[in-house]
Amino acid sequence: FFFFFFFFKQKTAYEISACLVGSEMCIRDRYQRRVHGIMERTKQKYMMKTLSGHFDMERDIIADFNPNEEIFIRDLKGLRRKILAMRADGKEMLNVLTDFDCTLTKKTHNNEKADHSFNAMEKEEIMGKEFVDACVEARAKYLPIEIDVNITKEEKDKHMADWCGNTQNLLKELKPTKNEIRRAVSISRLYLRNGCFELLKLLSACDLKLHVVSAGIKAVVAETFHILQMQRGLQLDGTLVYCMTPEVFDPEQGNALVDFGEPTVLSTNKHLCIDHEKFPDIREGSNAVLMGDLIEDLLIVKNLKLKQVIGIGFLNAPAEHDSEVLQRFMENYDIVIVHDGNLTHAVQLVKSIIGAELDADYVERNRTAQK
């Protein structure tokens, strides 16, 4: 049996290693991952029909492996106890819940800012300059508030509601069609983290669901996963569950986005859209792996009666740039991944919980790093 747990290796900064029963592995990689088979980095065209015809998407929706990531663990022994307890309960009692923007997606790509589900729509050729300028101005005002760990939840709630309401009003005024949203995503800089494909493939093979709990634009999120399925030949029927603000498209207006439903999901109130009644597949007394990039993302499970929760937080800036934020993340998440890292370790964590064998190349890399 393989168990996944961690220990500290003290140097000038935290360096975390992972340990397997019978074999060791370092959880910090310093070289490019070698990929093969279906994950070979061959560019595949993503064909999509629009009102004006066809267009190609040449870029890979999955970002390259990031060798500069670092992993921090809050309580090593406590984490191992959680993993063992969750493993004993079986995979039928496991849920995986995640935020989307800057959690499943990259914050940067090739040293440039990547897009998220909102600014993926900020394309002048599709939405116009006035829309783009208004979105940029709003983000400059509200984003610092969203990521500030010292602002009270009540104050942050108000600002996030204003931001979301303003953006929704702009979208309702312009009424982008589904084809225009698809086109915007295809030319955006929106990238899924390395390891996202493996995570979805694993969950699909095990009949487990990925609950995406996000304040983003649902149509953009769904289109991103559609591109992934097309590029990788992956079938995700029944695997993805969206817990997001409902969107209303009018077929009589060319499938235009005309309205938003309730509840309005914000980055600070995601628990309002997910409970056992709405999602009976999340059983009371079951366990969860929860991923997010804000401390508020931990509220996703507030209305769920769960037995064990392992939180993985993505702090996308280098840890040394903001030790206070890292400390706050360490106080709340079990595992913190910095430097805009990969989903690779989340995949191995899920494998450990469900009793699957860890990837041989992953174990070998880390054995080599320990020598």
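In what follows, the accompanying structure is described. All residue numbers here refer to positions counted from 1 along the written sequence of the relevant chain. Owing to the predicted nature of the model, reporting of local features is limited to residues with pLDDT of at least 70; listing and counting of side-chain atom pairs is limited to 80 or more, with chain, interface and lining totals taken over all residues. Side-chain measures were taken over the full set of non-hydrogen atoms in the model, leaving aside hydrogen atoms and water.

Structurally, the position occupied by Thr268 is in the loop between strand S13 (256–260) and strand S14 (287–292). For the pair Thr268 and Ile300, spaced 32 residues apart in sequence, the C-alpha separation works out to 9.0 Å. What makes two residues a contact is simply this: any of their non-hydrogen atoms within 4.5 Å. Contact partners of Thr268, with chain neighbours within four places excluded, come to Lys153, Lys156, Asp157, Met160, Glu296 and Leu299. A distance of 2.4 Å separates the side chain of Thr268 from the side chain of Asp157, its partner in a polar contact. Helix and strand definitions follow DSSP, with helices as H or I runs of at least four residues and strands as E runs of at least two, each counted in order from the N terminus. The term polar contact refers here to a pair of N or O atoms within 3.5 Å; inside protein, the definition further demands a hydrogen-donor-capable atom paired with an acceptor-capable atom, and it admits residues adjacent in sequence only when both atoms are side-chain atoms.

In this section: helix H4 (residues 153–174). Because an α-helix completes one turn every 3.6 residues, residues spaced three or four positions apart along the sequence face the same direction. The terminal C-alpha atoms of H4 lie 31 Å apart, and with 22 residues this matches the ideal 32 Å at 1.5 Å per residue to within 8%. Throughout this description, buried means an accessible area under 20% of the type-specific maximum (1.4 Å probe, protein chains only), exposed means over 50%, and partly exposed covers the range between. Looking at H4, one finds that the buried residues are Lys156, His159, Met160, Trp163, Cys164, Thr167, Gln168 and Leu171. Viewed along the axis of H4, the buried residues span an arc of 165°, placing them on a single side of the element. Among the exposed residues of H4, those oriented more than 90 degrees off its buried face are Glu154, Lys158 and Glu173. Tucked inside the fold, the buried residues of H4 contact helix H2 (124–127), helix H3 (129–147) and S13. Trailing H4 by a residue or two, Lys175 shows a phi angle of about 55°, which is positive. Expected helix span is taken as 1.5 Å per residue step, with the number of steps being one fewer than the number of residues. Note that the arc is defined by the directions from the helix axis to the C-beta atoms.

Turning next to the nonpolar core. Counting 63 residues, the largest nonpolar core has Leu192, Leu200, Phe225, Met291, Ile312 and Ile335 as the members making the most contacts within it. Of all hydrophobic cores here, the second largest spans 15 residues; its members include Leu97, Ile274, Phe279 and Val301. To form a nonpolar core, buried Ala, Val, Leu, Ile, Met, Phe, Trp, Tyr and Cys residues must be joined to one another through side-chain atoms within 4.5 Å.

Our next topic: the sheet that holds strand S11 (residues 240–243). One requirement defines pairing of two strands: DSSP has to find at least two bridges between them. On the basis of which strands lie adjacent, the open sheet formed by seven strands has the order S6-S16-S15-S14-S7-S10-S11 and mixed pairing. Looking at the sheet topology across the chains shown, the edges are occupied by strand S6 (70–73) and S11. Neighbouring strand axes in the sheet, compared pairwise and without regard to direction, differ in orientation by 20° on average. All axes are obtained by fitting lines to C-alpha atoms, using only the stretch in contact for helices, and the reported angles, taken between N-to-C directions, cover 0 to 180 degrees. Contacts from helix H7 (residues 218–232) reach strand S10 (210–213) and S11, with the element oriented near 165° to S11.

All right, on to empty space enclosed by the protein then. Cavities and pockets were defined on a 1 Å grid built over protein atoms only: a cavity is a set of grid points that admits a 1.4 Å probe from which the probe cannot escape, a pocket is an open set flanked by protein on both sides within 12 Å along at least five of seven lines, and lining residues are those with an atom within 4 Å of any such point. Grid points are joined across faces, edges and corners, and a volume is the space filled by probe spheres set on the points. Following the criterion strictly, the structure yields three cavities of 30 Å³ or more and no others. Considering only enclosed or pocket space, the largest cavity measures out at about 70 Å³ in volume. Phe118, Cys164, Gln168, Leu171, Ala215, Gly216, Ile217, Lys218, Thr245, Glu247 and Phe260 are the residues that line the largest cavity. Of all the elements, H4 adds the most residues to the lining of the largest cavity, at three residues. Here the lining of the largest cavity is composed, by residue class, of six nonpolar, three polar and two charged. All amino acids are sorted into three groups, where Ala, Val, Leu, Ile, Met, Phe, Trp, Tyr, Cys and Pro are nonpolar, Asp, Glu, Lys and Arg are charged, and the leftover types, Gly among them, are polar.

A word on helix H6 (residues 196–205). Taking burial as the measure, the 10 residues of H6 include seven buried ones, the bulk of the element. Looking at H6, one finds that the buried residues are Cys196, Phe197, Glu198, Leu199, Leu200, Leu202 and Leu203. Summarising the contacts, the buried residues of H6 are in contact with strand S7 (94–98), S10, H7, S11, S14 and helix H9 (344–354). Where H6 ends, the next residue or the one after it, Asp207, has phi of about 60°, a positive value.

Glancing now at the environment of Asn179. Residue placement: Asn179 occurs in helix H5 (residues 178–186). Asn179 sits 76 residues away from Asn255 along the chain, and the two C-alpha atoms are 8.2 Å apart.

Helix packing geometry: the angle between the two helix axes and the distance between the axes. Where H6 meets H9, the closest approach of the two axes is 9 Å, and the angle between their N-to-C directions is 20°. On the basis of the axis angle, H6 is roughly parallel to H9. For the pair H6 and H9, the crossing hand works out as left-handed. Of H9, the residues touching H6 (which contributes Glu198, Leu199, Leu202 and Leu203) are Val347, Val350, Lys351 and Ile354. If an angle is under 35 degrees, it is roughly parallel; if it is over 145, roughly antiparallel; if it lies from 65 to 115, roughly perpendicular; otherwise it is oblique. With the far helix as reference, a near helix turned anticlockwise by less than a right angle produces a left-handed crossing, and one turned clockwise produces a right-handed crossing.

Our next topic: the pairing of S7. Summarising burial for S7: five of the five residues are buried, a large majority. Here S7 shows two buried faces, one formed by Leu94, Val96 and Thr98 and the other by Asn95 and Leu97. Relative to S10, S7 is paired through three bridges, and the arrangement is parallel. Residue Val96 lies in a different strand from S10, and its bridge partner there is Leu210.

All right, on to the packing of H3 against H4 then. Closest axis-to-axis distance for the H3/H4 pair is 10 Å, and the angle between their directions is 165°. Classified by the angle between their axes, H3 and H4 sit roughly antiparallel to one another. For the crossing formed where H3 meets H4, the hand is left-handed. The segment H3 lies against H4, with Phe131, Ala134, Cys135, Ala138, Arg139, Tyr142, Leu143, Ile145 and Glu146 engaging Lys156, His159, Met160, Asp162, Trp163, Asn166, Leu170, Leu171 and Leu174. Residues of the contact of H3 with H4, tallied by class, amount to 12 nonpolar, two polar and four charged.

Before going further, it helps to examine the environment of Arg283. Along the chain, the position of Arg283 falls in the loop between S13 and S14. Take Arg283: its relative accessible area is 45%, and that puts it in the partly exposed class.

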